There are 2 protein chains.
Amino acid sequence: MVQKKKGPPQGGPPAEITAAPAEPKRRGRPRAYEPDVALGKALELFRATGFAATSLDDLSAATGMNRPSLYGAFGDKRELYIKSYQRYRDSARATIGEILRQDWPVRRQLEALFAAALDIYLSGEEGPRGCFTVMTAGSEAIADPDIRAMVQNAVTELDKAFAHCFRRAKEKGELPDSADPVVLAQLASATIHSIAVRARARVPREALEAIVAGAIDVLVGRK
Amino acid sequence: MVQKKKGPPQGGPPAEITAAPAEPKRRGRPRAYEPDVALGKALELFRATGFAATSLDDLSAATGMNRPSLYGAFGDKRELYIKSYQRYRDSARATIGEILRQDWPVRRQLEALFAAALDIYLSGEEGPRGCFTVMTAGSEAIADPDIRAMVQNAVTELDKAFAHCFRRAKEKGELPDSADPVVLAQLASATIHSIAVRARARVPREALEAIVAGAIDVLVGRK
DNA sequence: CTTTTTTTGTACCATTTCGCACTAAATCCC
DNA sequence: GGGATTTAGTGCGAAATGGTACAAAAAAAG
């Protein structure tokens, strides 16, 4: 995902254009930042401290862009938050899609999905950062309809991904006929939400993995 | 302004003492607020907007106390947040204890616990406010060790409450020997966390109730 | 009535915060 | 080289924020 997005043609002649649409020739002074990595830094900060507690100065320091540049590139703080969240979701969606694409037994697929979630939630220089969707639900979702819609969407998509997983498993005979993919999916999503909360409370990885293992056993039967 | 707030023993002889420790005779100017209801208002505000996005002016307006009084009564903003959270947890603990005390079948007990959670999460003038623990995990828990400890505690206590519930059910023969109370409890807690997140995204009550119903079926078997 | 004690409420301060002019710099086009 | 164009970076300013000093007010105690 993190494609080097080819910044501006600089450093030399525009010989090696990677693959991206690659803007042909920019006109004025070249940017001193790469929008993509700057957005990544912003996301990182927002994930650590949330919307309200993150100041533009903090964002400016983290991205290396000064405030006017930040503003010019991404709009105001709210827009930047939304773009950060979009990026987070795109990344998560890609990860999930990648796993769902594999032709694996449910158990393995669940293991992969939960492991991916843990990697995301536990990453972070100063302590695990949890799930951005859960954080956003807890803060901006109430007052901001647009952001709330994104949260709703994220939750729904996760449910659907898991449901797809269980439905297929049922078709393949891995689950009993009595199994309800939608219910199982909601429980799997719930487990995701729960480990996100616990991660931010600094529950150690092993404990979270134990929770995941227990959940999988209940969802698809003990190994 | 707004002095309806007749508080302590006054208006007549201290004849009708309700039940509380009832402070005997205060010395100086009487308070224009009741600490308890003020704290309740503060909690309400914090639950709606979170720590960082709630200003002292907001709190002052909500409680009817001016900032210096607020400070004198509860300390700075962080202390007020902690006291609000404590109050929230005390209340939740009381509710849970009340339910656990009943000699009911697991299913009924779970139904009662989840119903109580939904009542808490869905209340609020302007939209459901979710779970304070989940919100706090998503915001202050990373940077503030004391607050993080409270969140850890809250999560652990919830797990234990559910585990107690399932363990007893197992003893009473309501659950198969193969059932693991701890694992089931974590799934129940996860369901709690999940409906808290969804509530803030304004998922309608019926949908949340459906999730709860599905979870209960998986946890203790279909009715 | 006076003193003492406690709370209230106004006013203030130092900082932070967000946003935006405005100037300087760097690159492209002719 | 000269002009056009785009970005960088300094810095300002209005508003908000957290916190507090201080005097007035309200009650009990003497």
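Numbering of residues starts from 1 in every chain and runs along the sequence as written. As a convention, the first chain written is A and the first ligand written is 1, with the rest following in written order. Totals for whole chains, interfaces and linings use every residue, but because this is a predicted model, local features are given only for residues with pLDDT of at least 70 and side-chain atom pairs only at 80 or more, for both listing and counting. Where side-chain values are given, they derive from all heavy atoms of the structure, hydrogens and water being excluded.

Before going further, it helps to examine the protein's contact with DNA strand D. Around DNA strand D, the surrounding shell holds 24 residues, and the nearest of these are A:Ser69, B:Leu56, B:Arg67, B:Tyr71 and B:Lys77. We define proximity as follows: a residue is near a molecule or strand when any one of its heavy atoms falls within 4 Å of that partner. Atoms of DNA strand D within 4 Å of the protein belong to the sugar or the phosphate in 67% of instances, the rest to bases. What qualifies as a polar contact is a pair of N or O atoms within 3.5 Å, subject to a donor-acceptor requirement within protein and to the restriction that residues adjacent in sequence count only when both atoms come from side chains. Note that a base oxygen of DNA strand D is positioned 2.9 Å from one of the backbone N or O atoms of A:Arg29. B:Lys77 places a polar side-chain atom, nitrogen or oxygen, 2.6 Å from a phosphate oxygen of DNA strand D.

Moving on, we come to the relation of the copies chain B and chain A. Here the copies were fitted onto each other by least squares, based on C-alpha atoms from residues at pLDDT of at least 70 in both. If you rotate chain B by 180° and push it 0.0 Å along the axis, it lands on chain A with an RMSD of 0.1 Å. These values place the two chain copies in the arrangement generated by a two-fold rotation axis. In this description, contact between two residues means that some pair of their heavy atoms is separated by no more than 4.5 Å. Here 100% of the contact residues of chain B are again contact residues in chain A; the copies associate through an equivalent surface.

So, about unusual backbone geometry. Here A:Arg202, not a glycine, exhibits a phi torsion of approximately 65°, which is positive. With respect to the helices and strands, the residue A:Arg202 is situated in the loop between helix H8 (181–200) and helix H9 (205–220). The secondary structure listing takes helices from DSSP runs of H or I that are at least 4 residues long and strands from runs of E that are at least 2 residues long, numbered from the N terminus.

Glancing now at the pattern of salt bridges. The salt bridge definition used is simple: a Lys or Arg side-chain nitrogen within 4 Å of an Asp or Glu carboxyl oxygen. Inspection of every chain in the model, using the stated rule, returns 30 salt bridges over all chains. Between A:Arg78 and A:Asp144 there is a salt bridge; the shortest N-O distance is 2.4 Å. Remark: A:Asp144 occurs in the loop between helix H6 (132–138) and helix H7 (145–171) and A:Arg78 occurs in helix H4 (residues 77–101); sequence separation between them is 66 residues. Judged by its relative accessible area of 28%, A:Arg78 is partly exposed. Between B:Asp119 and B:Arg205 there is a salt bridge, and its shortest N-O distance comes to 2.7 Å. With B:Asp119 in helix H5 (residues 106–122) and B:Arg205 in helix H9 (residues 205–220), this pair connects stretches of sequence that are 86 residues apart. Only protein chains enter the accessibility calculation, which uses a 1.4 Å probe. A residue is then buried if its area is under 20% of the maximum for its type, exposed if over 50%, and partly exposed in between. For B:Asp119, a relative accessible area of 46% translates into the label partly exposed. Three or more residues are tied together by salt bridges with common partners; here these are A:Arg89, A:Asp90, A:Arg93 and A:Glu157.

Each partner contributes residues to the interface: chain B has 38 residues there, and chain A has 38 residues. Here the buried area means the combined drop in accessible surface, using a 1.4 Å probe, for two parts upon being joined, counting both sides. Summed over both partners, the interface of chain B with chain A comes to about 3,200 Å²; 64% of that surface belongs to carbon and sulfur atoms. Linking chain B to chain A there are 2 salt bridges. For A:Asp159, the salt bridge is made with B:Arg198, and the minimal N-O distance between the two is 2.7 Å. Between chain B and chain A we count 14 residue pairs in polar contact (both at pLDDT 80 or more) in total. Broken down by secondary-structure element, the contributors of at least two residues to the side of chain B that touches chain A are helix H6 (132–138), helix H7 (145–171), helix H8 (181–200) and H9 of chain B. It is H8(B) that contributes the most residues to the side of chain B that touches chain A, 12 residues altogether. Considered class by class, the residues forming the side of chain B that touches chain A number 20 nonpolar, 10 polar and 8 charged. Just so you know the grouping, Ala, Val, Leu, Ile, Met, Phe, Trp, Tyr, Cys and Pro go in nonpolar, Asp, Glu, Lys and Arg go in charged, and all remaining residues, Gly too, go in polar.

For the rest of this paragraph, the subject is the protein's contact with DNA strand C. Inspection of the region around DNA strand C gives 26 residues, with A:Leu56, A:Arg67, A:Tyr71, A:Lys77 and B:Ser69 positioned closest. A:Leu56 is positioned such that a nitrogen or oxygen atom in its backbone is 2.6 Å from a phosphate oxygen of DNA strand C. Between DNA strand C and the protein, one listed contact pairs a phosphate oxygen with a backbone N or O atom of B:Ala32 at 3.0 Å. Elements with a minimum of two residues in the surface near DNA strand C: helix H3 (67–74) of chain A together with helix H3 (67–74) of chain B. Residues belonging to the surface near DNA strand C are distributed by class as follows: 9 nonpolar, 6 polar and 11 charged.

On to the confidence of the model for chain A, then. In this model, chain A carries an average pLDDT of 89, and 89% of its residues clear a pLDDT of 70 or more. Predicted confidence is poor over residues 1–21 of chain A, with pLDDT under 50, and the contacts of this stretch with residues over four places away or in other chains come to 10 contacts. In predicted models, pLDDT denotes the confidence assigned by the predictor to each residue on a 0 to 100 scale.

This next bit is on the packing of aromatic side chains. Residues and elements named next belong to chain A. When two rings of Phe, Tyr or Trp (its six-membered ring) have centres within 6.5 Å they constitute a pair, described as stacked for plane angles under 30 degrees, edge-to-face for angles over 60, and tilted for the intermediate range. Tallying each qualifying case throughout the model produces 16 aromatic pairs over all chains. Within the aromatic cluster, the residues linked to one another by ring pairs are Phe46, Phe51, Tyr81, Tyr85, Tyr88 and Phe132. A cation over a ring is seen here: Lys77 above Phe51, with NZ or CZ 4.7 Å from the ring centre. Both a distance and an angle decide whether a charge sits over a ring: NZ of Lys or CZ of Arg must be within 6 Å of the ring centre and within 35 degrees of the ring normal. Directly above the ring of Trp104 sits Arg108, whose terminal nitrogen or CZ lies 3.9 Å from the centroid.

Residue and element names in this part refer to chain A. An ideal rise of 1.5 Å per residue puts 36 Å on 25 residues; H4 measures up with 36 Å between its terminal C-alpha atoms. Residues of H4 that are buried include every one of Leu80, Tyr81, Ile82, Ser84, Tyr85, Tyr88, Arg89, Ile99 and Leu100, and no others. Elements in contact with the buried residues of H4: helix H1 (35–49), helix H2 (56–63), H3, helix H5 (106–122), H6 and H7. One fewer than the residue count of a helix, multiplied by 1.5 Å, yields its expected span.

Residues and elements named next belong to chain A. An ideal rise of 1.5 Å per residue puts 39 Å on 27 residues; H7 measures up with 38 Å between its terminal C-alpha atoms. Where H7 starts, the residue carrying a side-chain oxygen 3.0 Å from the main-chain nitrogen of Asp146 turns out to be Asp144. At the exit of H7 stands Gly173, carrying a positive phi of roughly 80°.

All right, on to the side chain of B:Thr54 then. Along the chain, B:Thr54 falls in the loop between helix H1 (35–49) and helix H2 (56–63). Contact partners of B:Thr54, with chain neighbours within four places excluded, come to B:Leu45, B:Phe46, B:Thr49, B:Leu59 and B:Lys77.

Turning next to the environment of B:Leu110. Residues and elements named next belong to chain B. The topology assignment puts Leu110 in helix H5. The exposure class of Leu110 is buried, given its relative accessible area of 0%. Between the alpha carbons of Leu110 and Ala213 there is a distance of 9.7 Å; along the sequence they are 103 residues apart. Non-local contacts of Leu110, meaning those with residues more than four positions away in its chain, are made with Phe162, Cys165, Phe166, Ile216 and Val220.

Okay, the environment of B:Lys160 next. Tracing the backbone shows B:Lys160 in helix H7. In this structure the C-alpha to C-alpha distance between B:Lys160 and B:Val182, which are 22 residues apart in sequence, comes to 8.1 Å.

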